[in-house]
Amino acid sequence: VLDAVRELKLDSRTLVIFTSDNGGTPRAVNTPLRGFKGSTLEGGMRVPTIAWWPGNIPASTQTDEITAMLDILPTFASLAGAALPSARIDGGNLWPVLSGEAGAKSPHAEQFYFYHGLNLQAVRSGPWKLQMAGGDGGKQNGGKGKKAKAAPAAPGPRLYNLDSDIGESKDVSAGHPEVVAKLQALIDLAKNDL
């Protein structure tokens, strides 16, 4: 695809994004992430994304900003100079992040909600993620060629620091009740909003 874009001399005016809408299947190896497609654990949600636009996106750059498929419409609309519909749009314009603008933040930097269908199962703010009971889809990643095994149901929300524990292996809620309260308030706000 990129060769065809170059051959047609469209590369200076073509943004190419390669991404996915969910993590791997239960047969996938998502290590070091836990979970898979159908869960709101990082293995079910976190995917690589590559954005390419020579002369507009700096080469060999990367970001850890939270982005989502719901940001594609607002980003493309902004780049095309199109107005967004008056209906509520949950995504935001990622162009400042993609273009490497100094200090650019994701539209989801303060909070990002993890839904399974209409069921809110987790919220993230900065490095903190509060996973509600049952938000792991009832299964854990069994690894390639292995059947997924049922995970024990947690009695309440679990708090993870994704900067130090990307595999969501250690619940640190007991040591950070103020963070749990802050994220629980975000969940309550979202439920009231819906």
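(A) Representation of the sheet that holds strand E4 (residues 119-125). If you walk across this open sheet you meet the 4 strands as E3-E4-E5-E8, and the pairing is antiparallel. Where the open sheet ends on each side, the last strands, each with one partner, are strand E3 (112-116) and strand E8 (158-161). Averaged over all pairs of adjacent strands, the angle between strand axes in this sheet comes to 20°, irrespective of strand direction. Bridge count between E3 and E4: 5 bridges; the pairing is antiparallel. Each bridged residue has a counterpart across the sheet, and for Tyr115 the counterpart in E4 is Leu120. Where helix H5 (residues 177-193) meets the sheet, it contacts E3, E4, strand E5 (128-131) and E8, and its direction lies at approximately 135° from that of E4.

(B) Fine view of the confidence of the model for the protein chain. Per-residue confidence for the protein chain averages 88 on the pLDDT scale, and 89% of its residues sit at or above 70. Here strand E7 (residues 149-150) is the element of the protein chain with the lowest mean pLDDT, 41, and E8 is the one with the highest, 97. Within the model, pLDDT remains below 50 along residues 138-151, and this stretch shows 36 contacts once partners closer than five positions in the same chain are excluded.

About the criteria used
- Residues numbered from 1 in each chain as written.
- Predicted model: local features only at pLDDT ≥ 70, side-chain atom pairs only at ≥ 80, totals over all residues.
- Heavy atoms only, no water.
- Pairing = 2+ DSSP bridges.
- Helix = DSSP H or I, 4+ residues; strand = E, 2+ residues; numbered from the N terminus.
- Axes fitted to C-alpha atoms, helices over the stretch in contact; angles between N-to-C directions.
- Contact = heavy atoms within 4.5 Å.
- pLDDT = per-residue confidence, 0-100.

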